[in-house]
Amino acid sequence: MGGKFLAIGECMVELAQAGDGLLRQGYAGDTFNTAWYARACLDERWSVDYFTALGDDPLSADMLSMMRKAGIGTDNIRRIEGKTPGLYLITLKDGERSFSYWRDTAAAKKLADDADHLRRAIEAADLVYFSGITLGILSPEAVETLLSELRRARAAGKTVAFDPNIRPRLWQDRHRMLATIEAGARAASLVLPSFDDEKTHFGDASVEATIERYRSLGVVDIVVKNGADGVTLAFGDTPSAHVASKKAETVVDTTSAGDSFNGGFLARLLDGATPAQSAAFGAAVATTVIGHHGALISPQLLPKG
Ligand code: ADP
């Protein structure tokens, strides 16, 4: 069986230190990373498309060409005159990475401004994927436009998958952050939270508490990621099940661990594997990704499974 996978969010220009004061340019962003790994793990019966807004500048054009080269569809990406993509810089100090962002005027903040365009893209998809970062860059009105389309998609029987990816620096006010993450979850049929984030921001005492909270919001299927401690699956009425992480030989860079898990997991699930098989594969993908530098690693390095 094949179909259409649509990821919605922001892909940014990444600048990373390359020694001698040089910076290496790349592209990344949580929902785009997941699209990248889903594309790498799905066969050609599935299309993977990215939905965002970009500018009419050379960097936007180069980003689009990178996406197409990766086999990711860009037909839904609106170009906005005079705008540019968001950008972030990774600084390394004593082995610790820190991130500086320039994204306040990024074109992606306007991704939901054309509601008809958004509706057409979502209506054409079988699975729609978005995150708390997608919601965090939007105005309250744009959040409502996006969520009302996602609620329609869920009501129409599509899989609507949501990673809360809670990032306080995107939100001016904590109350709005938590309320919007909950509204995102209510629009979704499947959520993939990271326990660390949920514990920190919602005060969950255990993985089970995270599952209960998302269940009470009406989510059907829940995948709680917990780093090296593996994932817990709570699918429909079935009792929750734990799937161990794959032991990482070396951890080089944990950027995109959760995003790549999501890509591998969703790819297998769409392919008809059980949630437990899909989680084992997602863990194998994530372990490979954290063994290499950068958010996006070559599809050739990924497990075939
Ligand atoms: P996030 O990157 O969203 O915070 P996690 O840290 O929970 O997400 O990691 C996502 C997945 O990546 C985990 O479920 C696991 O499969 C894998 N992973 C992350 N850290 C490790 C680790 N140290 N060893 C093995 N697997 C890991």
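For the structure, check the block above.
Surveying the vicinity of the ligand reveals 14 residues, the closest of which are Ser 194, Gly 227, Lys 246, Gly 258 and Ala 286. One of the side-chain N or O atoms of Ser 194 is found 2.7 Å from an oxygen atom in the ligand. At 3.0 Å from an oxygen atom of the ligand is found a main-chain nitrogen or oxygen belonging to Gly 258. Its free accessible area being 550 Å², the ligand has 80% of it covered by the protein chains. Most atoms of the ligand, that is more than half of them, are within 2 Å of grid points of the largest pocket. Residue assignment for the shell around the ligand shows that the elements contributing at least two residues are α9 (257-270) and α10 (275-290).

Inspection of helix α3 (residues 115-124) places His 117, Leu 118, Ala 121 and Ile 122 among the buried residues, and these make up the whole buried set. An end-on view of α3 places all buried positions within 125° of arc, on one side of the element. Counted as exposed and oriented over 90 degrees from the buried face of α3: Asp 116 and Arg 120. Buried-residue contacts for α3 involve β1 (3-8), β4 (46-51), β7 (78-80), β10 (127-131) and α5 (140-155).

This paragraph deals with unusual backbone geometry. Phi is positive for Asn 165, which is not a glycine, with a value near 30°. In this structure, Ser 256 takes a positive phi of about 80° despite not being glycine. Summarising the element assignment, Ser 256 is placed in the loop between β15 (241-243) and α9.

Procedures and definitions
Residues numbered from 1 in each chain as written. Predicted model: local features only at pLDDT ≥ 70, side-chain atom pairs only at ≥ 80, totals over all residues. Heavy atoms only, no water. Near = heavy atom within 4 Å. Polar contact = N/O pair within 3.5 Å; in protein donor to acceptor, adjacent residues only side chain to side chain. Areas by Shrake-Rupley, 256 points an atom, 1.4 Å probe, with all protein chains shown as cover. 1 Å grid on protein atoms, 1.4 Å probe; cavity = no way out; pocket = protein on both sides within 12 Å on 5 of 7 lines; lining within 4 Å. Sits in = over half its atoms within 2 Å of the grid points. Helix = DSSP H or I, 4+ residues; strand = E, 2+ residues; numbered from the N terminus. Buried < 20%, exposed > 50% of the residue type's maximum accessible area, 1.4 Å probe, protein only. Arc of directions from axis to C-beta. Contact = heavy atoms within 4.5 Å.

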